[in-house]
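Working through the structure, step by step
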Amino acid sequence: MVLQINPQSIASRSAPGLARMLEPIPQGRLSCRDLLEHHLARAASPDAAQAHLRLFTAPARAQADALDAQRGRGQALPPLAGLVLGVKDLFDVAGQPATGGSVVLDGSSSALSGWPAARTADAGAVARLRAAGAVLIGHHNCTEFAFSGVGQNPHHGTPTNPVTALLDATPRIAGGSTSGGAQALALGACMTALGSDTGGSIRIPAALCGLVGYKSTQSLVPRDGCIPLSDTLDTACAMTPDVDGAVRVHEVLAARRVDRTAARLAGSRLALPQDLMLDGLEAPVARALESALTRLSAAGARIESLRCPLLPDGAALQGAFSLAAVEAHAWHRHRLAHDAARYDPRVLTRLLRGAGVSADDYLDLCRARRAWIDALQSALNGFDAALSPTVPLLAPPSAPLLSDDDVFHRTNAALLRNPSLVNLFDGCAISLPCQAPGEMPVGLMLWAGAGRDDALLCLALDAEAALAGHGG
């Protein structure tokens with residue numbers, strides 16, 4: 001029997017974890033090929049049509065068959081053997097260079113001097129997952145060049161939210177920029193979605209779709225072979241069905257073992273910043289947060305309100321222009337000179353915010369950021385982690401975002417507000433579902449400074465257990 005995540009299991013908070021789904025493989029009760037075929041069938045279904053930009057069916061079958069042959073010879077299998085993996089269309093795959101969810105890298109324009117050439121080998125993160133036994137099913141759809149938290153794509157269509165579709169009749173976004181990965185994972189068309197997180201692009205869709213999204217400390221995972229948005233802020237990371245799965249995938253991505261004894265929720269001291277991150281919460285988000293805090297407290301966590309004016313200060317640092325806009329414009333400037341009309345107009349607007357920024361202003365921003373990181377680290381000294389809603393909204397309806405630029409930009413800013421501060425902080429963070437079964441997905445974000453990944457993941461494992469059965 002194939003255990004599989006699906007929208008109904010997510011909505012009921014009963015989705016199987018990654019380890020449980022993979023358990024039959026080494027035991028010989030399920031073949032990698034059968035597991036793959038089950039997911040390929042879901043990926044080929046009409047409701048998953050906008051999740052993938054391209055499927056790697058033949059190579060995936062060859063990978064699965066090779067793993068089954070390895071097991072048949074009595075050889076030990078790698079740690080993620082059979083895991084069906086989808087990757088965001090930012091990561092190069094051997095024979096299938098990424099196109100960034102765009103049409104401007106489709107080869108129809110002549111090569112431009114200074115334009116980075118796509119690699120023909122696996123990106124570093126993809127190579128590590130494949131070496132660990134992951135079977136690569138395809139490239140996921142995403143916001144063009146990952147430059148928004150909404151997840152819309154006018155070139156290839158916009159993935160919708162399959163979990164909220166069970167709960168009301170209004171089509172809603174899956175969130176971005178890793179929108180195709182969230183839709184595919186929630187539909188059972190993959191078991192893990194590799195993506196990038198520059199300002200929340202893993203955690204936002206995880207929150208809106210009831211999944212787990214883990215953004216590690218940036219420096220731990222290689223980003224070679226991945227189309228950049230911001231070299232300063234980009235992190236290669238993944239969405240998974242559960243926290244244990246996030247730990248297992250992170251261990252492969254970072255080529256390290258997580259110390260699962262690094263921290264416990266019982267006896268921990270957690271900050272609840274009051275400034276900015278709690279502003280403007282929709283009522284269901286506020287209720288889910290309050291219930292989650294009650295459960296974490298009952299599990300032994302000491303949660304303390306913290307006045308932290310540094311958080312709005314951080315948001316102000318990203319005001320007139322942002323690191324992402326400046327660095328993205330620098331990467332795209334040659335193509336923009338020839339192909340600007342082929343970009344998503346909303347992505348183009350954000351890219352052009354980085355044009356004309358002087359080197360002096362950019363370096364001043366980098367220095368201000370460094371000072372801000374040091375100050376926020378001092379403010380959080382003594383806390384094991386901080387808590388906040390991942391985003392202040394439920395998954396917004398899709399239609400107004402398509403038709404109204406003002407609505408789009410306001411919504412995008414709201415979705416990015418909380419998670420982007422962790423990227424600015426150079427921190428690590430995880431989004432956990434915290435809504436009651438049968439309610440719209442809500443994400444709870446645990447976050448901490450750079451290098452505190454092990455403690456944060458341990459706290460998240462305990463927090464997930466404390467939140468289990470929420471509202472029951």
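Residues numbered from 1 in each chain as written. Predicted model: local features only at pLDDT ≥ 70, side-chain atom pairs only at ≥ 80, totals over all residues. Heavy atoms only, no water.

For the protein chain, the helix and strand inventory stands at 17 helices and 11 strands. Against the globule reference of 23 Å for 472 residues, the protein chain gives a C-alpha radius of gyration of 21 Å, in line with a compact fold. The buried share of the protein chain, reckoned over its 472 residues, is 59%. Excluding contacts between residues fewer than 6 apart, the proportion of contacts in the protein chain whose partners are at least 24 apart in sequence is 82%. With an accessible surface of roughly 16,700 Å², the protein chain has 53% of that area assigned to carbon and sulfur atoms. (Helix = DSSP H or I, 4+ residues; strand = E, 2+ residues; numbered from the N terminus. Rg over C-alpha atoms; globule rule 2.2 N^0.38 Å. Buried < 20%, exposed > 50% of the residue type's maximum accessible area, 1.4 Å probe, protein only. Contact = heavy atoms within 4.5 Å. Areas by Shrake-Rupley, 256 points an atom, 1.4 Å probe, with all protein chains shown as cover.)

The geometry of helix H14 (residues 359-379) relative to helix H16 (residues 405-424) is characterised by a closest axis approach of 10 Å and an angle of 100 degrees between their N-to-C directions. Taken together, the axes of H14 and H16 lie roughly perpendicular to each other. For the pair H14 and H16, the contacting residues are Arg 369, Trp 372 and Ile 373 in the first and Leu 421, Asn 423 and Leu 424 in the second. (Axes fitted to C-alpha atoms, helices over the stretch in contact; angles between N-to-C directions. Parallel < 35°, antiparallel > 145°, perpendicular 65-115°, else oblique.)

This part covers the pairing of strand E4 (residues 192-196). With five of its five residues buried, E4 lies for the most part within the structure. Alternating residues of E4 divide into Thr 192, Leu 194 and Ser 196 and Ala 193 and Gly 195, and every residue in both groups is buried. Across three bridges, strand E2 (residues 84-88) lies against E4 in parallel orientation. Within E4, the position partnered with Val 87 by the bridge is Leu 194. (Pairing = 2+ DSSP bridges.)

Let us now look at the packing of aromatic side chains. This structure, assessed with the given rule, holds three aromatic pairs. Clustering of aromatic rings is evident, with ring pairs tying together Trp 372, Phe 425 and Trp 447. Above the plane of the ring of Phe 383 lies Arg 269, whose end atom (NZ or CZ) is 4.0 Å from the centre. (Phe/Tyr/Trp six-rings, centres within 6.5 Å; stacked < 30°, edge-to-face > 60°. Lys NZ or Arg CZ within 6 Å of the ring centre and 35° of its normal.)

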